[in-house]
Amino acid sequence: MFFLNATVDSSTNLDVVDQATKKLSAWQRYWDSINWDDILATFIQKSITLLIVLVLFIIIRRVGNFLINQSFERQQQKMTGSITRLKTIHTLSSNVFSYFLLFFFLYAVLDTIGIPVGSLLAGAGIAGVAIGLGAQGFMNDIITGFFIILEQQIDVGDYIRLVNLQLEGTVTSVGIRTIQMKSTDGTVHFIPNRNITTISNLSRAHMQVLLDIRINPNEGYDAISQLIMQVNTELSEKFKSEIFDGPTLFGMVDLGNSNYAIRTVMYVENGKQYHLKEEFLTAYVNTLNQHGFTIPNNPIVVN
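Residues numbered from 1 in each chain as written. Predicted model: local features only at pLDDT ≥ 70, side-chain atom pairs only at ≥ 80, totals over all residues. Heavy atoms only, no water.

## Topic: the overall build of the protein chain
(1) Moving on: The number of helices and strands found in the protein chain is 7 helices and 8 strands.
(2) Moving on: Sorting the 303 residues of the protein chain into buried and exposed places 25% on the buried side.
(3) Moving on: Here the contacts in the protein chain between residues at least 6 apart in sequence split such that 62% fall between residues at least 24 apart.
(4) Moving on: Element-wise, carbon and sulfur atoms account for 60% of the exposed surface of the protein chain, whose accessible area totals about 20200 Å². (Helix = DSSP H or I, 4+ residues; strand = E, 2+ residues; numbered from the N terminus. Buried < 20%, exposed > 50% of the residue type's maximum accessible area, 1.4 Å probe, protein only. Contact = heavy atoms within 4.5 Å. Areas by Shrake-Rupley, 256 points an atom, 1.4 Å probe, with all protein chains shown as cover.)

Here you go:
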């Protein structure tokens, strides 16, 4: 029995050794079949190609950024107004150029390594369609924002009214995706560009100011109008840098329900209309009171 077991164990060990020897021989044959000279030559060749591609794209990037910067710097020197739009377009152009260059750099690297770029692009195209459908609103923001900036519809500091959103205020930031505006009560609004349909820019022309001071015509219209014109002359000299036209005495207007006022019209720098209106009306009231004229305070009833 002992000899039988010894024979079986010996046979099993020989089988294991034979299998190990066969595997080792197969691996040795595979290892010997590798042409290391070709692999080394291919590695060196592709490394040199990748290095040349890298250097070439670095040169193209620097030259492209230099030309873009020089172009916008020359354009900025010619501009006399707000440069916010120019800076935004400058940043957008630099980003587009960088992304465009990065795409071709990756394409060249993958093609040099030997990865099938065509198959990857086909898969990326399908993924791009799915992402595009999900990011449709984002792309609408960017496209709309680009044309708002390109056409210089608004600039930082402009007082605008968004008709469809029933919002108005001063623009604090103009971006490629959103704009920020601050209302007169201090509220800051962040509006996606795709929600903007109609922009009423109140800062691109001189603003009209209507000044109505209520009077009692029975006290003497001519004397009152003379005092109003005197005030207009004094204040127009004081605020001549802010007033572009007027003030012009329009005459007496009927406010309804036997209420009358003397109206003055003028055109002033945008943003100054509220301050000037307060200054003129205060001067009207003080002058008329000093000369003994009354300012009617009976309410106006609107039917």
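## Brief notes about unusual backbone geometry
(1) Moving on: Located in the positive-phi region is Gln-166, a residue other than glycine, with phi close to 55°.
(2) Moving on: Structurally, Gln-166 can be placed in the loop between β1 (159-162) and β2 (167-174).
(3) Moving on: Overall, Gln-166 belongs to the exposed group, its relative accessible area being 74%.

## Section: a nonpolar patch on the surface
(1) Moving on: Taken together, Leu-51, Leu-54, Val-55, Ile-58, Ile-59, Val-63, Phe-66 and Leu-67 make up a surface patch of nonpolar side chains, about 730 Å² in accessible area.
(2) Moving on: The residue Val-63 is located in helix α2 (residues 36-78) in this model.
(3) Moving on: Val-63 gets classed as partly exposed once you look at its relative accessible area, which sits at 44%. (Patch = residues over 30% accessible without salt bridge, like charges linked within 9 Å, V, L, I, M, F, W, Y side chains within 5 Å. Salt bridge = Lys/Arg side-chain N within 4 Å of Asp/Glu carboxyl O.)

## What about the side chain of Thr-264?
(1) Moving on: On the secondary structure map, Thr-264 appears in strand β8 (residues 259-268).
(2) Moving on: Among the residues examined, Thr-264 registers a relative accessible area of 0% and is labelled buried.
(3) Moving on: Side chain to side chain, Thr-264 and Tyr-284 meet in a polar contact 3.3 Å long.
(4) Moving on: Leave out the neighbours within four places in its chain, and Thr-264 touches Val-209, Leu-210, Leu-211, Ile-228, Asn-232, Pro-247, Thr-248, Leu-249, Phe-250 and Tyr-284. (Polar contact = N/O pair within 3.5 Å; in protein donor to acceptor, adjacent residues only side chain to side chain.)

## What to know about the nonpolar core
(1) Moving on: Counting residues in each nonpolar core, the largest one holds 20 residues, and the members touching the most others are Ile-224, Ile-243, Met-266, Phe-280 and Tyr-284.
(2) Moving on: Of all the secondary-structure elements, those providing two or more residues to this core are β6 (207-215), α6 (221-238), β8 and α7 (273-290).
(3) Moving on: In terms of nonpolar packing, the next biggest core, distinct from the first, is built from 19 residues, Ile-148, Val-171, Val-174 and Ile-196 among them. (Core = buried A, V, L, I, M, F, W, Y, C linked by side-chain atoms within 4.5 Å.)

## Examining the packing of aromatic side chains
(1) Moving on: Here the structure, examined in full by the defined rule, presents 4 aromatic pairs.
(2) Moving on: Measuring from centroid to centroid gives 5.3 Å for Phe-57 and Phe-105, while their planes differ by 75°, and the two rings are edge-to-face. One end of the pair, Phe-57, is in helix α2; the other, Phe-105, is in helix α3 (residues 84-113), and 48 residues separate them in sequence.
(3) Moving on: Assessed through its relative accessible area of 14%, Phe-57 is described here as buried.
(4) Moving on: Overall, Phe-105 belongs to the partly exposed group, its relative accessible area being 21%.
(5) Moving on: Between Phe-103 and Phe-104 the ring centres are 5.4 Å apart and the planes differ by 85°, which places this aromatic pair in the edge-to-face class. (Phe/Tyr/Trp six-rings, centres within 6.5 Å; stacked < 30°, edge-to-face > 60°.)

## Examining the sheet that holds β6
(1) Moving on: Within the open sheet, the 3 strands sit side by side as β6-β8-β7. Their pairing is antiparallel. The sheet terminates laterally at β6 and β7 (243-256), the two strands that pair on one side only. Here the strands of the sheet are splayed against their neighbours by 20° on average, with no regard to which way each runs.
(2) Moving on: Summarising the sheet, β7 and β8 pair through 9 bridges and their orientation is antiparallel. Looking at the pairing, Val-253 lines up with Ala-261 of β8. (Pairing = 2+ DSSP bridges. Axes fitted to C-alpha atoms, helices over the stretch in contact; angles between N-to-C directions.)

## Some thoughts on α6
(1) Moving on: Relative to the 26 Å expected for 18 residues at 1.5 Å per residue, α6 spans 26 Å between its end C-alpha atoms, a close match to the ideal helical length.
(2) Moving on: Every buried residue of α6 is listed here: Ile-224, Ser-225, Leu-227, Ile-228, Val-231, Asn-232 and Leu-235. Angularly, the buried residues of α6 cover 160° about the axis, an arc narrow enough to put them on a single face. Exposed side of α6, more than 90 degrees from the buried face: Asp-222, Gln-226, Thr-233, Glu-234 and Glu-237 are the residues found there.
(3) Moving on: If you follow the buried residues of α6, they end up packed against β6, β7, β8 and α7. (Expected span 1.5 Å × (residues − 1). Arc of directions from axis to C-beta.)

## Concerning the sheet that holds β1
(1) Moving on: Within the open sheet, the 5 strands sit side by side as β4-β3-β2-β1-β5. Their pairing is antiparallel. At either end of the open sheet lies a strand with only one pairing partner, and these are β4 (188-192) and β5 (199-201). Geometrically, the sheet is characterised by an average inter-axis angle of 40° between neighbouring strands, direction not taken into account.
(2) Moving on: With 4 bridges joining them, β2 and strand β3 (residues 178-182) adopt antiparallel strand pairing. Directly across from Val-174, in β3, lies its bridge partner Ile-179.

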